[in-house]
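The primary structure of each chain is shown beneath.
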Amino acid sequence: MTTAIIGTGGIGSAIARQLASGGENLRLSSADKESARTLAAEIGGGAVVAVDNGDALHGASAVVLALRFTALKGVIDEIADPLTDKLVVVPSNPLSTDAQGHVFRVLPKGQSSGEVVAGWLPVGARLAMAFGTMSADLFESSSNRSPEPAVLFYATDDDRAGQEVERLIRTAGFEPVKVGGVKQSGRLEVGGDLHDLVVGPEQARSLIDGA
Ligand SMILES: NC(=O)c1ccc[n+]([C@@H]2O[C@H](COP(=O)([O-])OP(=O)(O)OC[C@H]3O[C@@H](n4cnc5c(N)ncnc54)[C@H](OP(=O)(O)O)[C@@H]3O)[C@@H](O)[C@H]2O)c1
C-alpha cells in the first residue's frame, strides 16, 4: 500500500525509513524538495518524490503530516480536498521556539493537540495521533525489537482510522496500543506520561488501565 509523508525532517525521515523497511510504498514531500530527494534516494525503489504536497496524496490511502505544529494548519488548508477520504496521521507536538531558542508549548495546559488538529481537518478525514511518542532516534532503535516488540501508542476517535494506523504501526516494526480518543493525545506528547517510553504490550496496557 502507499502512504504519503509530508515533511521529511527529523521524525518524517525516521517514519519513512521504518515504513519502507516494512514494505510500504511512499510518496514524499517537503518544503524544500532537496530533503525529500535525498531521503528517496536513501530509501530506494519504494519511495518517490511528489511534485508538491497535493501530488503526494495521489494514490495514497494515508498521509503522515510530519510537520512542526505551527506549520500544520497551513498545509491542511492547502490539501484539504484530497484529505477527505484519507487516514491522517499526526506525530506533531504542540511546541514552538522563541527568538532566544527556548521551546514553549503553543496550546493552553490541558488542551490536547489531537482535539485542535481534529478541528482543522475537513469532514471525512480520519485522524490518528501517532508516531510522535518517541524521539526519532529512540523510534528507530526500538523498531523490530525481539523477542517482545516495543509498543507505539496512538489516539483516535475513529474505529477505521484505528485499524489503518495499527497496520502502519506494525509495518514500522511496533505493536500498536490505543490510549483512547484524541482527547487523550496529550498523554503521548512531550511532557505526557506515555512519551518517550519503550515498553512491551503488557506493560503498555497496565499503564493505560492504571491511569
Ligand atoms: N524530531 C523528533 O525526534 C520528533 C519526535 C517526535 C515528534 N516530533 C514532532 O514532529 C514534528 C516535526 O518535527 P521534526 O523534528 O521532524 O521537524 P523538522 O526536522 O523541522 O522537519 C519538518 C519538516 O517539515 C517540512 N515542511 C515545513 N513546512 C512545510 C510545508 N509547507 N510543506 C511541506 N513540508 C514542510 C520541512 O521541509 P524542509 O526540510 O524542506 O524544510 C521539514 O522536512 C514536531 O511537531 C515535533 O515535535 C519530532
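Data block above holds the structure.
This one's a predicted model, so the numbers in the text were calculated from it and none came from an experiment. (Residues numbered from 1 in each chain as written. Predicted model: local features only at pLDDT ≥ 70, side-chain atom pairs only at ≥ 80, totals over all residues. Heavy atoms only, no water.)

Looking at helix H4 (residues 69-78)
Item 1. Burial in H4 covers these residues: Phe69, Leu72, Val75 and Ile76. Buried residues of H4, viewed axially, fall in a sector of 100 degrees; they line one side. More than 90 degrees from the buried face of H4, the exposed residues found are Thr70 and Glu78. (Buried < 20%, exposed > 50% of the residue type's maximum accessible area, 1.4 Å probe, protein only. Helix = DSSP H or I, 4+ residues; strand = E, 2+ residues; numbered from the N terminus. Arc of directions from axis to C-beta.)

A short note on the pairing of strand E9 (residues 151-156)
Item 1. In terms of burial, E9 is a largely internal element, 6 of the 6 residues being buried.
Item 2. Neither face of E9 is open: one carries Val151, Phe153 and Ala155, the other Leu152, Tyr154 and Thr156, and all of them are buried.
Item 3. Sheet topology note: the strand E8 (residues 126-130)/E9 ladder contains 3 bridges and is antiparallel. Bridged to Ala128 within E9 is Thr156. (Pairing = 2+ DSSP bridges.)

Thoughts on the site of the ligand
Item 1. In the vicinity of the ligand there are 23 residues, among which Thr8, Ile11, Asp32, Arg68 and Ala136 approach most closely.
Item 2. At a separation of 3.2 Å, an oxygen atom of the ligand approaches a polar side-chain atom of Ser35.
Item 3. One of the backbone N or O atoms of Ala136 is found 2.8 Å from an oxygen atom in the ligand.
Item 4. Here the ligand has 900 Å² of accessible area as a free molecule, and 73% of this is covered by the chains.
Item 5. The cavity that encloses the ligand is the largest pocket.
Item 6. Those elements that provide at least two residues to the shell around the ligand are helix H1 (10-21) and H4.
Item 7. Here the residues of the shell around the ligand are counted per class, giving 10 nonpolar, 11 polar and 2 charged. (Near = heavy atom within 4 Å. Polar contact = N/O pair within 3.5 Å; in protein donor to acceptor, adjacent residues only side chain to side chain. Areas by Shrake-Rupley, 256 points an atom, 1.4 Å probe, with all protein chains shown as cover. 1 Å grid on protein atoms, 1.4 Å probe; cavity = no way out; pocket = protein on both sides within 12 Å on 5 of 7 lines; lining within 4 Å. Sits in = over half its atoms within 2 Å of the grid points. Nonpolar A, V, L, I, M, F, W, Y, C, P; charged D, E, K, R; others polar.)

Looking at helix H2 (residues 33-43)
Spacing of three or four residues puts side chains on the same side of an α-helix, whose turn is 3.6 residues.
Item 1. For H2, every residue scored as buried is listed here: Ala36, Leu39 and Ala40. Each buried residue of H2 lies within a common arc of 100 degrees when the element is viewed along its axis, so the set occupies one face. Those residues of H2 that are exposed and aimed more than 90 degrees away from the buried face are Ala41 and Glu42.
Item 2. Those residues of H2 that are buried lie in contact with H1, strand E2 (25-29) and strand E3 (47-49). (Contact = heavy atoms within 4.5 Å.)

Quick word on the pattern of salt bridges
Item 1. Taken as a whole and assessed by the stated rule, the structure comprises 14 salt bridges.
Item 2. We note a salt bridge from Arg17 to Glu42, for which the minimum N-O separation is 3.3 Å. Of this pair, Arg17 sits in helix H1 while Glu42 sits in helix H2, and the two are 25 residues apart along the sequence.
Item 3. With a shortest N-O distance of 2.8 Å, Asp193 and Arg187 are connected by a salt bridge. (Salt bridge = Lys/Arg side-chain N within 4 Å of Asp/Glu carboxyl O.)

A few points about the packing of H1 against H2
If you want to describe how two helices pack, look at the angle between their axes and the distance between the axes.
Item 1. Between H1 and H2, the shortest axis-to-axis distance is 11 Å and the interhelical angle comes to 25 degrees. Comparing the axis directions of H1 and H2 gives the class roughly parallel. The element H1 and its partner H2 pack so that their crossing is right-handed. The residues of H2 that touch H1, namely those facing Ser13, Ala16, Arg17 and Ala20, are Leu39, Glu42 and Ile43.
Item 2. Partitioned by chemical class, the residues of the contact of H1 with H2 number 4 nonpolar, 1 polar and 2 charged. (Axes fitted to C-alpha atoms, helices over the stretch in contact; angles between N-to-C directions. Parallel < 35°, antiparallel > 145°, perpendicular 65-115°, else oblique. Left-handed = near helix turned anticlockwise from the far one by under 90°.)

Points about the packing of aromatic side chains
Item 1. Evaluation of the coordinates by the stated rule reveals 3 aromatic pairs.
Item 2. Ring centres 6.0 Å apart and planes at 70 degrees place the aromatic pair Phe131 and Phe139 in the edge-to-face group. Side by side, Phe131 and Phe139 carry an identical accessibility label, which is buried.
Item 3. Ring geometry for Phe139 versus Phe174: centroids 5.1 Å apart, planes at 10 degrees, classification stacked. Highlighted residues: Phe139 in helix H7 (residues 136-142) and Phe174 in the loop between helix H8 (159-171) and strand E10 (175-180), separated in sequence by 35 residues.
Item 4. Accessibility expressed as a relative area gives 1% for Phe139, which makes it buried. (Phe/Tyr/Trp six-rings, centres within 6.5 Å; stacked < 30°, edge-to-face > 60°.)

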